[in-house]
Amino acid sequence: MAQENSLSQSRFPKLPLPPQIMGSEIGSFAYNTVAHRLPDIAQRVIDDNKFPLAIKPLQNIKSRAGETPTPQEFLENSIVENLQTLIQELPYGKVRFLKDIEAPDIAAWNNYLEPYQGNNWLDIPWYFAEAYFYRRILEATNYFIPGDWQGFDPFENQKRLGILTSSKSIQALSPLLNKWVNSGQDSHPDNLIALLYISLWGNRADLSLWPAESGDRSSIDIHQQKAYVLADNTDAIANQISRFKDARIDFIIDNAGFELFGDLCLVDFLLATNAAKTIYLQLKAHPTFVSDAMIKDIHQTIEFLGKDSDTQVQMLASRWRWYIESDRLRLCHDLFWTSPLAFWEMPDALRQELSESDLILIKGDANYRRLLGDRHWPFTTRFEDIVTYFPAPMVALRTLKAELASGLQLEQIETLNREDPQWLTNGRWGVIQFANS
Ligand SMILES: O=P(O)(O)OC[C@@]1(O)O[C@H](CO)[C@@H](O)[C@@H]1O
């Protein structure tokens, strides 16, 4: 039941674009991320993995003023030294072209980087700096280069710990989900709404902000959290989905770990009630933003759940495995999802594909930032007025972890500024916004 989603609509926002968020905004969360959080994340990559020590001390490359390591020098150098060089570059070093010429995205990335040559990490758009940073982590660890570390996920340990620390919540949720799924069609819309909240609050367990070792962030009281949803379109969303039969739904996934478990619970319900005939999970083509999920993370999560001691968890895992085997749950990845581009810069082929969807669910803070082009929109700007360019009806489920927002009321903003000054970045608040353009 694919509605004809018009592609003829403008593929760019209709509203004039406000300025981009820049790391150079001293005192901002963007500045703190580029100057402090990203170096810490790179250091954690070193600490979390047993990379080989320096094969050959980094040639005193810095003496060749303005030059950067050749691909061979990079290969001869150790992964640890590459990561340490990256740490030293942040934030006043110059951004440079990527060197891992074997990578499938090298031409695209070096095209993105062209206009920023000579800039330091603060003088480029914030989202660009983050996406580039995570791509530089893969260059440093030889992710795309044939050899011992090709295809190695440098965040694997963090992701694994992320799900291990959520076992109690997984075992608490599984019987509930199995009951709702087995009640099938006459399952009450309240169950769907509860699953939207579970998906939303799973986004709090974001490993780029809170390393897995900082403990279980998954145990939350869903309905008690309603008060923390600043824009809540769940009723309209449930109403729309209640009219679906055998629809196509796309889910632009965010993080692995407990967040992914919550997202797959929502997927399970949509498939079991036949609201959706097929669900496409849009996943990352390579590791990024520490915990962002790839196809392998889906398989590993289901495998992990299948080995749980609790039969309710085992039951749900076998059902999820069956959805994949019966092609009702399709795992897709695309290099656009790891690119630094705003969502309105999506390639035509991907845009065409997504236009076939009856509803697109979009998870997480980084994706929300890309929906808005990571720009300084007034927080009262209507969300649906910004995302008019999107090729299908969509729902954003986001906990606020960046200084950007839309669709809020002025009095809300004033109250939040007074009562919780860190409300934009502490992950305590969320939005569930629906744009049915
Ligand atoms: O997309 P997610 O996982 O919800 O959050 C990712 C993210 O919030 O992590 C950092 C912390 O704010 C931001 O730089 C980035 O937007």
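Residues numbered from 1 in each chain as written. Predicted model: local features only at pLDDT ≥ 70, side-chain atom pairs only at ≥ 80, totals over all residues. Heavy atoms only, no water.

Caption draft 1: Summary view of the overall build of the protein. In terms of helices and strands, the protein carries 16 helices and seven strands. The contacts in the protein between residues at least 6 apart in sequence include a share of 79% that link residues at least 24 apart. As presented, the protein carries roughly 17200 Å² of accessible surface, and 54% of it is formed by carbon and sulfur atoms. (Helix = DSSP H or I, 4+ residues; strand = E, 2+ residues; numbered from the N terminus. Contact = heavy atoms within 4.5 Å. Areas by Shrake-Rupley, 256 points an atom, 1.4 Å probe, with all protein chains shown as cover.)

Caption draft 2: Fine view of the nonpolar core. Ranked by size, the top nonpolar core spans 84 residues in total, and within it W121, F133, L371, F383, F390, M394 and W423 carry the most contacts. In terms of residue count, the dominant contributor to this core is helix α5 (residues 126–140) (eleven residues). Those residues in contact with F133 that lie beyond four places of it in its chain are L38, I41, A42, L86, L90 and W121. Counting 58 residues, the second largest nonpolar core, distinct from the first, contains L195, L283, I298 and I302. (Core = buried A, V, L, I, M, F, W, Y, C linked by side-chain atoms within 4.5 Å. Buried < 20%, exposed > 50% of the residue type's maximum accessible area, 1.4 Å probe, protein only.)

Caption draft 3: Spotlight on unusual backbone geometry. Omega for the bond connecting L90 with P91 falls within 30 degrees of zero, at 0°, which places this linkage in the cis form. The phi torsion at N274 lies on the positive side, around 60°, for a residue other than glycine. The residue N274 is located in the loop between α10 (258–272) and β3 (276–284) in this model. Residue classification places N274 among the partly exposed positions, given a relative accessible area of 26%.

Caption draft 4: Main features of the pairing of strand β6 (residues 394–399). A large share of β6 lies buried, amounting to six of its six residues. Of the two faces of β6, the one lined by M394, A396 and R398 and the one lined by V395, L397 and T399 are each fully buried.

Caption draft 5: View of the sheet that holds β6. In space, the seven strands of this open sheet follow the order β1-β7-β6-β5-β2-β3-β4, with mixed pairing throughout. The sheet is open, and its two borders are formed by β1 (229–232) and β4 (329–334), each paired with just one other strand. Sheet twist, expressed as the average angle between the axes of neighbouring strands with direction ignored, equals 15°. As judged from the four bridges shared by strand β5 (residues 359–363) and β6, these two strands associate in the parallel manner. Note that in β6 the partner of I362 across the bridge is A396. Contacts from α10 reach β2 (247–252), β3, β4 and β5 within the one sheet, and its direction differs from that of β3 by about 160°. (Pairing = 2+ DSSP bridges. Axes fitted to C-alpha atoms, helices over the stretch in contact; angles between N-to-C directions.)

Caption draft 6: Quick look at the pattern of salt bridges. The tally for this structure, following the rule as stated, stands at 27 salt bridges. Where R96 meets E139, a salt bridge forms, and the shortest distance between an N and an O atom there is 2.6 Å. Remark: E139 occurs in helix α5 and R96 occurs in the loop between α3 (79–89) and α4 (106–113); sequence separation between them is 43 residues. Judged on exposure class, the residue R96 and its partner E139 are both buried. Between R369 and D374 there is a salt bridge, with its nearest N and O atoms 2.7 Å apart. A residue is classified by how much of its surface remains accessible, and R369, at 2% relative accessible area, is buried. Residues joined in a network through salt bridges with shared partners are D153, E156, K159, K296 and D297. (Salt bridge = Lys/Arg side-chain N within 4 Å of Asp/Glu carboxyl O.)

Caption draft 7: Structural view of the environment of A405. Mapped onto the fold, A405 is located in the loop between β6 and α16 (410–419). Of the residues examined, A405 reaches a relative accessible area of 3% and is grouped as buried. Between the C-alpha atom of A405 and that of R369, which follows or precedes it by 36 residues, the distance is 8.5 Å. Once residues lying within four places of it in the same chain are set aside, the contact partners of A405 are L372, W377, P378, F379, R398 and L424.

Caption draft 8: The arrangement of the pairing of β2 in detail. Counting buried positions along β2 yields six of six residues, so the element is predominantly enclosed. A two-sided burial pattern is seen for β2, the buried positions comprising A247, I249 and F251 on one face and R248, D250 and I252 on the other. Taken together, the six bridges between β2 and β3 define a ladder with parallel strand orientation. Bridged to I249 within β3 is I279. What joins β2 to β3 is α10, and the crossover it makes is right-handed. The sheet contact formed by β2 and β5 spans four bridges and is parallel. Considered in β5, the bridge of I249 is made with L359. (Right-handed = clockwise from strand over helix to strand, strands pointing away.)

Caption draft 9: Examining the site of the ligand more closely. The ligand sits among 16 residues. The nearest are E130, N255, D365, R369 and K401. With respect to the ligand, the side chain of E130 contributes an N or O atom lying 2.5 Å from an oxygen atom. A distance of 3.0 Å separates an oxygen atom of the ligand from a polar side-chain atom of D254. At the level of secondary structure, the elements contributing two or more residues to the shell around the ligand comprise α1 (29–48), α5 and α14 (365–371). No other element matches α14, which puts three residues into the shell around the ligand. Looking at the shell around the ligand, its residues break down into five nonpolar, four polar and seven charged. (Near = heavy atom within 4 Å. Polar contact = N/O pair within 3.5 Å; in protein donor to acceptor, adjacent residues only side chain to side chain. Nonpolar A, V, L, I, M, F, W, Y, C, P; charged D, E, K, R; others polar.)

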